[in-house]
Amino acid sequence: MSGLKAAFRPRSHFNARSGNRYSLLPLRFLALDDSRYIVTNLVGEHLVLPRETVHALVRHELPMNSAAYAELKASHFVVDADSAVALDLLALKYRTKQAFLSQFTSLFMFVTTLRCEHSCRYCQVSRQSESKHEFDMTVETAKAAVDFMFKSPSPSLKVEFQGGESLLNFEIVKHIVARVEERNLQERRAVEFVIATNLAPLSEEHLRFCADHHILISTSLDGPESLHNFNRPKKGKDSYALAVDGIRRARAALGKDRVSALMTTTEASFERPKEIVDEYVAQGFDSIFLRSISPYGFAVKTGQASRYQMAAWLDFYKTALSHIIDLNLRGVPFREEFASLILRKILTPWPTGYVDLQSPAGIGISALVFNYDGAIYASDESRMLAEMGDQTFRLGTLGIDEFETVMTSDRLLQPLLDSMSEGVPMCSDCALQPYCGADPVHHHATQGNSVGFKPTSSYCQKTMGVVRHLIGLLEDDPAAAHVLRGWV
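For the structure given in this document, a descriptive report is provided here. (Residues numbered from 1 in each chain as written. Predicted model: local features only at pLDDT ≥ 70, side-chain atom pairs only at ≥ 80, totals over all residues. Heavy atoms only, no water.)

1. A look at the sheet that holds strand 14 (residues 367–370)
Right, on to step 1. Taken in spatial order, the nine strands of this open sheet run 12-10-9-8-7-6-14-15-16, and their pairing is mixed. With partners counted over all chains shown, the strands left at the sheet margins are strand 12 (290–292) and strand 16 (394–397), one partner each. Taking the axes of each pair of neighbouring strands and ignoring which way they run, one obtains an average angle of 25° across the sheet.
Right, on to step 2. Direction of pairing for strand 10 (residues 259–265) relative to strand 12: parallel, over a ladder of three bridges. Along strand 12, the bridge assignment pairs Met 263 with Leu 290.
Right, on to step 3. Its contacts with the sheet place helix 14 (residues 310–329) against strand 10 and strand 12, and it is angled at close to 175° to strand 12. (Pairing = 2+ DSSP bridges. Helix = DSSP H or I, 4+ residues; strand = E, 2+ residues; numbered from the N terminus. Axes fitted to C-alpha atoms, helices over the stretch in contact; angles between N-to-C directions. Contact = heavy atoms within 4.5 Å.)

2. Section: the sheet that holds strand 3 (residues 36–41)
Within a sheet, each strand pairs with its neighbour through backbone hydrogen bonds, oriented either parallel or antiparallel.
Right, on to step 1. Pairing in this open sheet of three strands is antiparallel, and the strands run 2-3-4 from one edge to the other. Only two strands of the sheet have a single neighbouring strand rather than two, namely strand 2 (27–31) and strand 4 (46–50). The average angle at which neighbouring strand axes cross in this sheet is 25°, direction not considered.
Right, on to step 2. Pairing analysis gives five bridges linking strand 3 to strand 4, with the strands arranged antiparallel. Residue pairing across strands places Ile 38 opposite Val 48, the latter belonging to strand 4.

3. Description of the packing of aromatic side chains
Right, on to step 1. A complete count under the given rule lists 16 aromatic pairs for this structure.
Right, on to step 2. Between Phe 270 and Phe 316 the ring centres are 6.3 Å apart and the planes differ by 50°, which places this aromatic pair in the tilted class. You can see Phe 270 sitting in the loop between strand 10 and helix 11 (273–282) and its partner Phe 316 sitting in helix 14, a full 46 residues away along the chain. Grouping residues by exposure puts Phe 270 and Phe 316 together as buried.
Right, on to step 3. Between Phe 289 and Phe 338, the aromatic rings sit 6.0 Å apart at their centres with planes inclined by 25°, giving stacked as the arrangement. On the criterion of sequence distance, the pair formed by Phe 289 in the loop between strand 11 (287–288) and strand 12 and Phe 338 in helix 15 (residues 337–347) is long-range, its members being 49 residues apart. (Phe/Tyr/Trp six-rings, centres within 6.5 Å; stacked < 30°, edge-to-face > 60°. Buried < 20%, exposed > 50% of the residue type's maximum accessible area, 1.4 Å probe, protein only.)

4. Some words on the pairing of strand 4
Right, on to step 1. Of all five residues making up strand 4, four are buried, and the element is well covered by its neighbours.
Right, on to step 2. Where strand 3 folds back on strand 4, the antiparallel hairpin that results is connected by four residues, among which Gly 44 adopts a positive phi of roughly 90°.

5. Remarks on the side chain of Asp 418
Right, on to step 1. Along the polypeptide, Asp 418 turns up in helix 18 (residues 410–418).
Right, on to step 2. A polar contact is formed between the side chain of Asp 418 and the side chain of Ser 450, at a distance of 2.7 Å.
Right, on to step 3. Beyond its immediate chain neighbours, meaning those up to four positions away, Asp 418 contacts Val 424, Ser 450 and Val 451. (Polar contact = N/O pair within 3.5 Å; in protein donor to acceptor, adjacent residues only side chain to side chain.)

Next comes the structure, spelled out in structure tokens:
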């Protein structure tokens, strides 16, 4: 008996306990419905609990031998005398969640030209006609951009060619790839190249070059032929045919997994969510990213951005997601990428690397844009805003401003401070903050300041709507939850 007494605590220690013998760790809560709350902590652990349980928890009245208390303790919502390492574990998890900060800027977008042969209704970059070569990046600008990029301490560098239509200035693409590869013989970074293209000008020369240099292709596919041609008109009315043919040829030359596509949801898309998903399945893709329209460029000039209702997009999104889940349940593996990113934040300890769901925001510290004219912007959206005459997020000029000057300028540091949602009004006490991020450029464009007013923020409405919907599915629909958990 003496040995047992030495090994175990007295029976009285395990009696039901109440009162304030536990301490709350930082947590937030939000009503999921009339009877349940979503409770989250600093690192995104979440529980859905009855309203009465949450009330008892915050009043320090929750029995310490209850199942709910055990769940809360295991997920680092509470700490008691038996939790000597709880704070250390919580700190370690927080460090893991913020690991993306240690990588620093790794995505560099080179805008090779603003020229384009399409006239997309939502074009965000104010494209120029094909004959206006003054909107092409020069060799001197390209050299300065490559030199600037290699000043980043990141061990991995992604070079993404953007437009306009990037292939219309293919000579500068070739020059940049050659210069990066030559420089990297000494730098020895992990370098990846991506060409964003509508595929209309795609030639065999382009494909051979991409194959020789392991370049990925990213294109646009908005849905079925009639919708794609409506959203992305061009002379000849054949944008869909050229995109689909280009996808086929690029896959044959580079490999199926070397070609990806993105869609943009316009008002014309709202009535066709299932058809859009089915088009991606028919074209052999295994996922789709359901993107809403961005409030820049032609989307603003044509009035689309002001008419666009985020509530309508959320209805569209939920219908499309339901269709995707149903496809999976019928044996067709297919994934929605925005949901996958958020689920990774909800269900795993890892960061996503997705710049639009980061705190602080990914502007500058995750991605930079080199415009055709040598301007350096904090993000792709920043240069879209600049094309509308607003230079707020222009950080400097290639060949004039040094890397250190740009990355420590108030033009970058102030919006980064404003984007730390852990301390921003109405984000700091939001239970969904660990799954969200900040978009200072979006809020500057739509509300006039980089913090934004959350109750009327379309960014907030969109992200909160999707997160709440996903948590609801995880809680209440076992079949859907099984599919969603398979995406992370």
